[in-house]
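# Survey of secondary and tertiary structure
Below are the chains, spelled out letter by letter.
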Amino acid sequence: VQLVESGGGLVQAGGSLRLSCLASGSILSFNVMGWYRQAPGEERELVASITETNELYYGDFVKGRFAISRDNAKNTLYLRMNSLEPEDTAMYYCAAAPLKPYEWDYWGQGTQVTVSS
């Protein structure tokens, strides 16, 4: 399975973006899918995840600003990001754990999000 992210870009603080992650195959039975991010010089961190039963997780830094969703019919994972802050600037990666929770077997190549102040 290949994962391809899109939707990143340059946005002003307070703006919004919607990231998409298109899988080359069915995600219907994937145990967990998620979004990670990594800023230069920082560790990669989990932004949000969603299970096949739509259980959600968000990093503390999200503070209600982001929403993760998945459309199994379109084999696509989304991340809606509102009220973006310069601290959200990072490369955002889509990941899939098809069999076991949080054992990420598949990764996308990333999409850059840059938030200007």
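Residues numbered from 1 in each chain as written. Predicted model: local features only at pLDDT ≥ 70, side-chain atom pairs only at ≥ 80, totals over all residues. Heavy atoms only, no water.

### Quick notes on the environment of Ala 13
Residue position: Ala 13 is located in the loop between β2 (9–12) and β3 (17–23). Judged by its relative accessible area of 42%, Ala 13 falls in the partly exposed class. Spatially, the C-alpha atom of Ala 13 lies 5.3 Å from that of Ser 117, the residues being 104 residues apart in sequence. The contact partners of Ala 13, leaving out residues within four places of it in the chain, are Leu 84, Pro 86, Val 115, Ser 116 and Ser 117. (Helix = DSSP H or I, 4+ residues; strand = E, 2+ residues; numbered from the N terminus. Buried < 20%, exposed > 50% of the residue type's maximum accessible area, 1.4 Å probe, protein only. Contact = heavy atoms within 4.5 Å.)

### Topic: the side chain of Ser 49
If you trace the backbone, Ser 49 turns up in strand β5 (residues 45–51). Given the relative accessible area of 1%, Ser 49 is considered buried. A polar side-chain atom of Ser 49 sits 2.9 Å from a polar atom in the side chain of Tyr 102. Setting aside anything within four residues of it in sequence, one finds Ser 49 in contact with Val 32, Met 33, Gly 34, Glu 55, Leu 56, Tyr 57, Ile 68 and Tyr 102. (Polar contact = N/O pair within 3.5 Å; in protein donor to acceptor, adjacent residues only side chain to side chain.)

### Considerations on the sheet that holds β3
Read across the open sheet, the 4 strands follow the order β1-β3-β8-β7; overall the sheet is antiparallel. The sheet terminates laterally at β1 (3–6) and β7 (66–71), the two strands that pair on one side only. Neighbour-to-neighbour, the strand axes of the sheet open up by a mean angle of 15 degrees, direction not taken into account. Taken together, the 6 bridges between β3 and strand β8 (residues 76–81) define a ladder with antiparallel strand orientation. Counted as the bridge partner of Arg 18 is Arg 80 from β8. (Pairing = 2+ DSSP bridges. Axes fitted to C-alpha atoms, helices over the stretch in contact; angles between N-to-C directions.)

### Quick look at the state of the cysteines
What the rule picks out here adds up to 1 disulfide. In this model Cys 21 forms its disulfide with Cys 94; the gap between the sulfur atoms is 2.1 Å. Looking down the S-S bond of the Cys 21 and Cys 94 bridge, the torsion is -75 degrees, so its handedness is left-handed. Separated by 73 residues along the polypeptide, Cys 21 in strand β3 and Cys 94 in strand β9 (residues 90–97) bring together distant segments of the chain. By the burial criterion, Cys 21 is buried, and Cys 94 matches it. (Disulfide = S-S within 2.5 Å.)

### Some points on the pattern of salt bridges
Pairing is possible between side chains that carry opposite charge, provided their charged atoms lie close to one another. Taken as a whole and assessed by the stated rule, the structure comprises 3 salt bridges. For the salt bridge of Arg 65 with Asp 88, the shortest nitrogen-to-oxygen distance reads 2.7 Å. One end of the pair, Arg 65, is in the loop between β6 (56–58) and β7; the other, Asp 88, is in the loop between β8 and β9, with 23 residues separating them in the sequence. Per residue, the accessibility class of Arg 65 equals that of Asp 88, and both read buried. (Salt bridge = Lys/Arg side-chain N within 4 Å of Asp/Glu carboxyl O.)

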